[in-house]
Each structure stands twice: as C-alpha cells, then as structure tokens.
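# What the coordinates show
Each chain is listed here by its residues.
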Amino acid sequence: MNFSLCSTSSELACPSDCVMRSPVANRFLSREPVRFDETWKKRKYFNTKKVFASTHIVPGHLEDSSSIAKKSLLPRREPVERLGFVRTLLIDNYDSYTFNIYQALSTINGVPPVVIRNDEWTWEEAYRYLYEDAAFDNIVISPGPGSPMCPADIGICLRLLLECRDIPILGVCLGHQALGYVHGAHVVHAPEPVHGRLSGIEHDGNILFSDIPSGRNSDFKVVRYHSLIIDKESLPKELIPIAWTVYDDTGSFSEKKFSTPVNTSLSPSRNASVISVPETLENQSYWPSPHVDGKQDRHILMGIMHSTFPHYGLQFHPESIATTYGSQIFKNFKDVTVDYWSRYKSPSLRRRMINETANMQVPSACQLLKELSRTRNTGNGSSYNNNNSSNSLSTAKKNGVDVFNLVDLAYAKPDTKLLRLKWKKLERLVHKVGGARNIFMELYGKNRGNDAFWLDTSSSDKARGRFSFMGGKGGSLWKQLTFSLSDQSEITSKHGGHLLIEDAHGSTEKRFLEEGFLDFLRKELSSLSYEEKDFKGLPFDFCGGYVGCIGYDIKVECGMPINRHKSKAPDACFFLADNVIAIDHQLDDVYVLSLHELDTAETSFLNDTEEKLITMSVSPTRKWKDQTLPAIDSSQRKASFVPDKSREQYINDVERCMQYIKDGESYELCLTTQNRWRIENTDPLGLYLHLREKNPAPYAAFLNFSNANLSLCCSSPERFLLLDRNGMLEAKPIKGTIARGSTPEEDELLKFELKLSEKNQAENLMIVDLLRNDLGRVCEPGSVHVPNLMDVETYTTVHTMVSTVRGLKKTDISPVECVRAAFPGGSMTGAPKLRSVEILDSLENCSRGLYSGSIGYFSYNGTFDLNIVIRTVVIHEDEASIGAGGAIVALSNPEDEFEEMILKTRAPANAVIEFCSGSSERH
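Residues numbered from 1 in each chain as written. Predicted model: local features only at pLDDT ≥ 70, side-chain atom pairs only at ≥ 80, totals over all residues. Heavy atoms only, no water.

## With respect to helix 15 (residues 684–694)
As a reminder of what qualifies: Partly exposed residues are those whose accessible area sits between 20% and 50% of the maximum for their type, while under 20% is buried and over 50% is exposed, using a 1.4 Å probe and protein chains only. By definition, any uninterrupted DSSP run of H or I lasting at least four residues is a helix, any uninterrupted run of E lasting at least two residues is a strand, and each is numbered from the N terminus.
The element helix 15 is largely enclosed, with a buried count of nine among its 11 residues. Of the residues making up helix 15, those classed as buried are Pro684, Leu685, Gly686, Leu687, Tyr688, Leu689, His690, Leu691 and Arg692.

## A few points about the environment of Lys446
Selection criterion: Distance and chemistry together define a polar contact, namely a pair of N or O atoms within 3.5 Å, with one atom able to donate a hydrogen and the other to accept it when in protein, and with adjacent residues in sequence counting only for side-chain atoms on both sides.
Structurally, the position occupied by Lys446 is in the loop between helix 11 (436–444) and strand 14 (452–456). Among the polar contacts made by the side chain of Lys446, one reaches the main-chain carbonyl oxygen of Glu442 at a distance of 2.8 Å.

## Focus on the pairing of strand 13 (residues 417–426)
Keep this limit in mind: At least two bridges found by DSSP between two strands is the condition for calling them paired.
The sheet contact formed by strand 13 and strand 19 (residues 528–529) spans two bridges and is parallel. When the sheet's bridge partners are listed, Lys417 is paired in strand 19 with Leu528. The sheet contact formed by strand 13 and strand 23 (residues 589–597) spans eight bridges and is antiparallel. Each bridged residue has a counterpart across the sheet, and for Trp423 the counterpart in strand 23 is Leu593.

## With respect to the sheet that holds strand 4 (residues 169–172)
Using the following cut-off: Throughout, a residue-residue contact means that at least one pair of heavy atoms, one from each residue, lies within 4.5 Å. Comment: axis = line fitted to C-alpha atoms, over the contacting stretch for helices; angle = value between 0 and 180 degrees taken between N-to-C directions.
Overall, mixed pairing links the eight strands, which are arranged 2-1-3-4-12-11-8-6 in an open sheet. Across the chains shown, the open sheet's two edge strands, defined by having one partner strand only, are strand 2 (114–117) and strand 6 (202–203). Pairing geometry for strand 3 (residues 138–141) and strand 4, over three bridges, is parallel. Residue pairing for strand 4: Ile139 is matched across the bridge by Ile169. Most of the contacts of helix 8 (residues 326–342) go to strand 3, to which it runs at about 145°, and overall it touches strand 3, strand 4 and strand 12 (311–314).

## Points about the packing of aromatic side chains
Here is the rule: Here a Phe, Tyr or Trp ring, Trp counted by its six-membered ring, pairs with any other such ring whose centre lies within 6.5 Å, and the pair is stacked when the planes are under 30 degrees apart, edge-to-face when over 60, and tilted otherwise. Comment: the charge-over-ring label is applied if NZ (Lys) or CZ (Arg) is within 6 Å of the ring centre and within 35 degrees of the ring normal.
Applying the stated criterion to the full structure yields 37 aromatic pairs. Ring geometry for Tyr340 against Trp341: centres 5.3 Å apart, planes inclined by 80°, an arrangement best described as edge-to-face. We note that Tyr340, like Trp341, is buried. When the ring of Phe542 is compared with that of Tyr857, the centres are 4.4 Å apart and the planes differ by 25°; the resulting orientation is stacked. In this pair, Phe542 is assigned in the loop between strand 19 and strand 20 (545–550) and Tyr857 in strand 34 (residues 854–859), connecting sequence segments 315 residues apart. For Phe542, a relative accessible area of 0% corresponds to the buried category. For Tyr857, a relative accessible area of 5% gives the class buried. Taken together, Trp423, Phe467, Phe469, Phe540, Phe542, Tyr591 and Tyr857 form an aromatic cluster joined through their ring pairs. The ring centre of Tyr552 lies 4.3 Å from the NZ or CZ of Arg848, which sits over that ring.

## Focus: empty space enclosed by the protein
So the rule is basically this: Any residue with an atom within 4 Å of a point lines the site, the site being either a cavity, points on a 1 Å grid over the protein atoms alone where a 1.4 Å probe fits but cannot get out, or a pocket, an open set with protein on both sides within 12 Å along at least 5 of 7 lines. Grid points are joined across faces, edges and corners, and a volume is the space filled by probe spheres set on the points. Residues were grouped as follows: Ala, Val, Leu, Ile, Met, Phe, Trp, Tyr, Cys and Pro as nonpolar; Asp, Glu, Lys and Arg as charged; and all remaining residues, including Gly, as polar.
Applying the stated criterion across every chain, the model contains 11 cavities of 30 Å³ or more. Counted as a void, the largest cavity has a volume near 160 Å³. Along the wall of the largest cavity there are 18 residues; nearest its centre are Lys735, Met828, Ile870, Arg871 and Lys904. Going through the elements one at a time, strand 25 (668–678), strand 30 (734–739) and strand 37 (879–888) are the ones with two or more residues in the lining of the largest cavity. Of the residues that constitute the lining of the largest cavity, the class distribution is seven nonpolar, seven polar and four charged. Roughly 140 Å³ of volume is contained in the second largest cavity.

## Focus on the state of the cysteines
Short version of the rule: Our working definition of a disulfide is a cysteine sulfur pair at a distance within 2.5 Å.
Here the structure, examined in full by the defined rule, presents zero disulfides. Cysteine Cys549 shares no disulfide, and the gap to the nearest cysteine sulfur, in Cys573, comes to 5.1 Å.

This is how it looks when you write it as structure tokens:
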C-alpha cells in the first residue's frame, strides 16, 4: 500500500514525491474536528475498483442512520449454526499490532481469524464473503496509523461499519475512532499524545466488560497508543459511551500496581444478553459527573457502542502485553457474538461453509475463498470439495513481498543435496591457548582475517552468549555471495538486484535476482538436506551454512516501501561456511566441524585443525599477545568522525518526528544518522580486536569480505531473532539506554533511573508489542509470550533495557520467511513499522546501509541466529561509518535525543580513533 498522509488541502502526494506528502501538522486544528474537504469527494484515492469512502458516509453529510438502514439494499444476513468456535474477519489497517489481536482471537475463538488489509477487498468481495457465503460471524477492525478521515488510512472499514449493521463489529483505536466518525462524531487531538503508557479505566458494566473491575483504583489498567480521540461533546445519540478515563491518569508500567482483587460486582452475569439501549438510557447515567476533583471536562472517551447495531469501539489496546483483562475483553466480544446470533430462530440455518479458511492468512485465504465460491455446490449451498480447498491454497500466487504470503507450501522445492557433518570435541582447551582471540588469530589472523568470520560472544557474562563461531575460506563447499539492490530506475521489481558468487576456486558468477536476495537464500537453504544424527550431541545449533550480514535496505523484500536512498556498500554479503570452529565459553571446550557432500571425500580439516590447536596448547608462550596501544591525548586526535547531520539538523528532525507522532502517524520513530571518517590502510582485524577489548558484547562479530572491500567490526548487545532446533523463535529488543556512572553509587543510581523511566518503558513496551506482532505472523496461535519484560542489563559503557519475546514457529513456515516477517528489527524502525519506515526514509538523508540490519548465521539444519547491527564500525572502501540514533516518542526531549545518539556512537568511535592514532604513532 502506498500511504497518503491526508491534509485539509485537496492536494495529496505519494511518499515518493517531495519530502513526505502534505504536512500532516496542518491536517488538524487542536481540539477541532476534522472533516472531508468537498473536493476530496471528487478525487480517486484508490484503484477505481477499490474506492471505499463514498459521499454518503462523510460526517456532516450523513443521513440519519436509521433512514439509511431502511433504504439499504443489503439483505438481512441469515444466522449461522451455533458451534464451539467463532469465525472472525480481522481488518488490518497496516498496523504493527494486528497479529497480537490475531493470536488472542485464535485461542479464544477456537479457530484463527482471517486477516485482510483494509484495501485488499472491494466492497463486492466483502459482501459476498460476509452475506452470500456467511463465512464470518464477526469483524474486528485493527488499530493503525493516521486517522479515519483519510481514505488511504481507513480503507473499507467505514463502509463495513455503516452497512454491516447486523454483524457484530469491534473497532480498536483507529477502528474505534472510525465508528465514531462514520456516525458523525468529531475526531480531534487528544490533550496530549499517549503512547505505550497505562491508564485506569472506568466503565458502565456493559457486557463487553463482563468480569472486569472498574475504576482508577482497580487493577483494570490499559495500554494506550493514540494521539487522536473522539470528542465526547460531539457524540451523536446513536453512540453510547461505555468506558472512559481521566486525561492525566497516565503512567509507566512499573508505576501501576496490579494487586487489587478483581471486582465482578459491576458486571452482568456471563450469560447476560447485550444491554438494551432503552434500558441503559432509562436506568443509569452512563457518563460520569462533569466535575472531578474540582475540575471540569477531564474525561476522555475510551469505549463506545452503537444504540442499534452490535458495534463496539475501544480507544485503548486490549491486545497489549501490559493491558490487564485484555483477553477477557476478547472473550466477552465472542460472547456478544454468540449471544447475538443465538437470538435468531429461523428454521433454515445457513451452514458454516468455509471453516477451513480460518486456518490461513489472506491473500492465500482470499484466493481460497474465491475458489470455494466458484466451486460451491449451489444445489444446497453447503458442500465443498476439501481437495479443491487444499489445491486452491497450494496454487495461490506468492510474490515473496507481502508479509502475509508466508506459507511455504506453495514454493517449488529444488533438488536437494545431502550434506554430512563430521566433528570433534577438544575438551577444556580454550583457556590453555589463551582464549577465543588466540584461536582466531592462529587459524585466520595470518592474512589479517581476509574472507573470514567471527561470531564472537565477547561479553564476560556467559549467560548472554555461551558460544562463539569462526571460520574462513578453505573448504570445497565454501563460497561468497555479494548482493546489491538495483537502482529503482533500472528495474520494475523494487527488490531485484545483482548477485556475485565466488567459489572456493576463485571462479565467479554473476546473476540478476528478480525476486531479491531473501528469496534466493530461502531456495539455497531448502536445497540442503541433513541427517539429525550427524549433529546429535552438539550443544549448539550452528553446524555450518550461511554466515554474513543483511543490510537495512533489504526491507523492500519484506513488505516495506521502496528505498529512497541507495547504499554504496553491498546490501547483503554471506559466506557458505563448510568448516567451522565453535567455542563453548561456559565449559571451555572447542568443537571442530566440517561439512561435505554425501558422495565427496572428507577433507583433512578436522585433523589439521586439531593438530594446530593442540600445538598451541603446549606452546610455552602465547603466539598472539595483546597489542597495547599508547595513550592518545586530545591534541593527537586531529581527525575524527563527522556526523552527516549537525546538532541543529538532528534536533529539528526529532521535532518533526514528534509532530508526526502528535498527528497520529506513528507511535514511535527510531531516527538515525551516520558518522563517517575517511581512513586508509587500516587493519580491520586489529581494529576489531581493540573494539572487543574496549566494548565487549554478547552479539559481537567480525566479518571480512575481501572482494567487496568490506569489513564489519560489531559490538552489538542486541539479538534480532533466533530460531533453535526445537522451532522456538526468540527476539530480544533493546529500547532504553543510559551511560554508566563514574562511581558504583552513581552507576547504581543511573541503573535505577533507567528502570523507572516512564519514557524508556514506553519505548520498550511499544517495541515488545511490535515484536509480539511480528512473531505472531509466523508462530502457532497462543505460543507467543514474553518471559522477560523490561529487564535492565549492564555493559561496559551503558545500561540498557531489554525484553525477551518468544513463540513456537509454525511448521509450514521456512526460516527465511520468519526473518522476512520481522525484518528490519522493530527496535530500529518504531511502530507501526510500515508507516514509520516511510516517514524515516523521508527524514534521513542517506541509506543506513548495513547499519540497522543483521549479522549472523543460517545453519544448514534450519536454525538461525541474527543480531541487530548497532555499535558497529562498517569499513567500506577506506571509509569508516558508524550509525546511531534513538527512539522518538511523545515524551522525548529533542536535546536529550541528540545526546543519546552521541552516547551510542562514543564507544565504537573512540575505539577507532584510539586504534588509528595508535597505529600512526607506532609507524
């Protein structure tokens, strides 16, 4: 979807035009309603097939909803059988939290919902599935960026809310605002943007809040992500308020106490019917007193319901990890749905005809629904051929781009080649040879680390990273892949590019990859087969395979917008590593591994390497001693890194981000910039050795690709995504960073300050919810969980706030598709991801390159482990660059954000300056 940020002007521009379409700041007047301009109704915002906002659903031009209902040509939908599950159509407004709702509904409804994006179906298609096929029992409208006044932001949702008056609908956040807007309420700026912060909620005992306590002092706390609200004074008589909060009742996760016993006295019984409107109006005052604590008009609408339609809206996010009773709300909506359909007594009940579709995501499910509709037995309208159903899914078109196209069943599997693994374990050897550094230098340092890799757990905390892996050129299967995306003007496919393949003998091959690098990598990995017995007994998952880096711009292969900037460095570089050294830092063991094809003779790598390491262990002196660099004073540092943006420019960009957030276009924007230094004749391996000494990290790495003139010296503390041999996915996002103190007392105080920081907790919570969503796309329903939320970890130079998100991968999803679903890492984009990336591309004046991407491995046995490329020196063609930035939220201070960016640059920059200055001194 190409988003358009709507303004009050009739002129709209695509994100690729100018800077970023019309300024959204002009779209709203504070606390004033926003309406369609008359000229908007004459313009086309979608393909002519997919125009959803028509003049008769524009507030201010709405007829009375009851008269619309009478004049509607829609038939009254027949009821469906009451079975043990509920089928939901989940409308995704291009949000990054939709699949958290998907996961919740999958377990609560008994069957996963079908997900479509808001511009994916025409009204005619939606009508057929909802009314002719009766494929769904209710509809949930997701949150999303923007506002319901903008057709590109809301798509088909307004028409669903207006026309599907006899189908239960729940709108969340943007969906809630759409429910108000379509019936004439005004959507205005909130008193302040609230993102990733918690509030207490009061409600009226509506069935949607059954078994949920009410009140600011209860344990019903909800997470809010919104800048806009429905103006309660403009609420029409058709809409009834059912929940509210006080505008200044916000706080951090740690401030909220969840110890109050659940109070169910406010709620109707579990088998209660939907509260009737006349009864509500007659028997209770459903809006709180306008005077609270001596102040007037402090309440903000958090929930509404329609007086005659079974439609509900919630301004807060029940799907957030930190919202209490979120699952109960979804359970209650299921009860609302079941209760609603059970009221029908028609003897001719329509059979649930498309149950299978709920097990898949659209467009696969969309294609299947179309096929089923065409092959339906029209005689009784109830029988379908299950074989046709599966065939429709398996033949559904896959373009490799849309993040919903993640089921791997339809991909043609190439002929596979069986790889066999041989390995040896050398016990208690690491300390005898002086550590991993000496092993790498002995085996790969003689050539300054050319064409070698080192996935290095250099942190002293073994719990953060137990294993390191290293390897280099030499095996018969070895090859190097260098991929660069094409200029957009060269191709029609936005993610095509050129691949250079070099084999172990130095031969090269050039290819153009129309479908992009990730598609190529997926096919390469699927062509490798293995026998589990070969690596049984190994305590780690990497047994050989592809090792390398993926640049940030590969996002165009993951459903993100086109790249506005072109990276000078390659966009992906990988080795196919057949010979690997693994180091167990916990038990002090070394493993030597070698892969070979089934019909190929084994090499001497195992024996030769064992002999070298044993020789090292008996050597009376260490062969590789630490290099001691002379102290460098400020007068000797004549050259240093130069930022792409000045302090003034960066602060200005932060302020622009905050304006986007205020106008509802994003909840959080991870703004970055580059710092560069022209260096020549630098030894990248020596630089990395110095960096790992000064700033050790659990997801550190050294990579050298000689034919690309590229080296990466990485001291990353952050894992992007891991998949282990049991199918468990894990992400460990970092959001929240503060410098270490100069004394133990100051250090502990700063750590405590970070732990309790409302701003940093909001940043972290938003990204945790985003990662839950990304994993929710590819994980089994109900399996996504957060074992650690907002832990503070300490490193050499900083404290950071880290969370852990896990989920069990679906069996029909390939490892590469898991990466595609979550790349780039949410901690480097913000949320919602798609809109945020689009905004960031308009603000940042160059490509991020490999920064913000990932370094790691894809093992031949189907596992992978990837970091986030931060705290990293990228050396390409004699230029060293360090990317850095931070998450901008509504609570940000622009000057503080600049200082945080500098803080994150400091450790790697100082290491480069010290090393280069020291090298010059020695020469």
